[in-house]
Amino acid sequence: MTDETPLHTLFDPRSVAVVGASDNPAKWGYWLAKRALTGRDRRAVHLVNRRGGALDGVSFRPGLTGLPQAPEHVVVAVPAPFVRPVVAEGLAAGARCFTVIPSGSGTADEQALAELVTGGGARLPGPNCMGLVDTTTQLRLSWGEFPVGADARRSRARSARPR
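Residues numbered from 1 in each chain as written. Predicted model: local features only at pLDDT ≥ 70, side-chain atom pairs only at ≥ 80, totals over all residues. Heavy atoms only, no water.

### Notes on the overall build of the chain
Link 1 in the chain: Across its full length, the chain holds four helices and eight strands.
Link 2 in the chain: When the 163 residues of the chain are sorted by exposure, 46% land in the buried category.
Link 3 in the chain: If you take every contact in the chain between residues at least 6 apart in sequence, the share linking residues at least 24 apart comes to 65%.
Link 4 in the chain: Surface accessibility of the chain: about 8,500 Å² in total, with carbon and sulfur atoms responsible for 52%. (Helix = DSSP H or I, 4+ residues; strand = E, 2+ residues; numbered from the N terminus. Buried < 20%, exposed > 50% of the residue type's maximum accessible area, 1.4 Å probe, protein only. Contact = heavy atoms within 4.5 Å. Areas by Shrake-Rupley, 256 points an atom, 1.4 Å probe, with all protein chains shown as cover.)

See the structure below:
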């Protein structure tokens, strides 16, 4: 990990948790977890699914509060009605950044989520986010493969921010 900056939890966290991890390749949680595990030599990676299971020999944990260390960055890949409780659990566990994949809650719910996260002193890419990738720090929290190089790409559908 490089020197800490105000954005280190976003681009180079010491630990990541993927909530909604799955062993089913038809689900976003599979691809997010699979890609997150590629950075295991740089950071702790925790896979969370309350139903249990495992991926690539890594057992799923039932929740964020039972992890051996607080995750700095939490990727949320659960159905929209469960996003807010996951974020609240993450804040209570000490998480500083949340990448929220699902959408569908509506503008008021997204605004409330943004206020919850920022009120807790954390950062929030999403909801309705396709993930986050920084190949220079081995952070791959998205479904696709992205080549290493000097090229930067950004995609944004919509972001919930306090106004």
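### Things to note about the sheet that holds strand β2 (residues 44-48)
Link 1 in the chain: Across the sheet, four strands lie side by side as β2-β1-β5-β6; this open sheet has parallel pairing. A strand with exactly one partner marks an edge of an open sheet, and here the two such strands are β2 and β6 (97-100). Ignoring which end each strand starts from, the neighbouring axes of this sheet average 15° apart.
Link 2 in the chain: Packing of helix α2 (residues 28-36) onto the sheet brings it into contact with β1 (15-19), β2 and β5 (73-76), and relative to β1 it is tilted by some 165°. (Pairing = 2+ DSSP bridges. Axes fitted to C-alpha atoms, helices over the stretch in contact; angles between N-to-C directions.)

### Brief notes about the pairing of β2
Link 1 in the chain: Along β2, four of the five residues are buried, which leaves the element largely enclosed by surrounding structure.
Link 2 in the chain: With five bridges joining them, β1 and β2 adopt parallel strand pairing. Opposite alanine 17, over in β2, you have histidine 46 as the bridge partner.
Link 3 in the chain: For the handedness criterion, the β-α-β arrangement of β1, α2 and β2 is classed as right-handed. (Right-handed = clockwise from strand over helix to strand, strands pointing away.)

### Looking at unusual backbone geometry
Link 1 in the chain: Of note, the phi angle at aspartate 56 is positive, near 50°, even though the residue is not glycine.
Link 2 in the chain: We classify aspartate 56 as partly exposed; its relative accessible area is 44%.
Link 3 in the chain: The backbone of glutamine 138 shows a phi angle near 60°, a positive value even though the residue is not glycine.
Link 4 in the chain: Positionally, glutamine 138 belongs in the loop between β7 (131-134) and β8 (139-142).

### So, the environment of arginine 50
Link 1 in the chain: Locating arginine 50 in the fold gives a position in the loop between β2 and β3 (54-55).
Link 2 in the chain: On a C-alpha basis, the gap between arginine 50 and glycine 63 in space is 6.3 Å, while along the polypeptide they are 13 residues apart.

### Concerning the pattern of salt bridges
Link 1 in the chain: Taken as a whole and judged by the stated rule, the model has four salt bridges.
Link 2 in the chain: The salt bridge involving arginine 43 is made with aspartate 12; its shortest N-O contact spans 3.0 Å. Here arginine 43 is found in the loop between α2 and β2, whereas its partner aspartate 12 is found in the loop between α1 (8-11) and β1, with 31 residues between them in sequence. The same class applies to arginine 43 as to aspartate 12, namely buried.
Link 3 in the chain: Between aspartate 56 and lysine 34 there is a salt bridge, and its shortest N-O distance comes to 2.9 Å. With aspartate 56 in the loop between β3 and β4 (58-59) and lysine 34 in helix α2, this residue pair connects regions lying 22 residues apart in the sequence.
Link 4 in the chain: Accessibility expressed as a relative area gives 24% for lysine 34, which makes it partly exposed.
Link 5 in the chain: Residues participating in the shared-partner salt-bridge network are Asp12, Arg42 and Arg43. (Salt bridge = Lys/Arg side-chain N within 4 Å of Asp/Glu carboxyl O.)

Nothing here speaks to function; it is all geometry.
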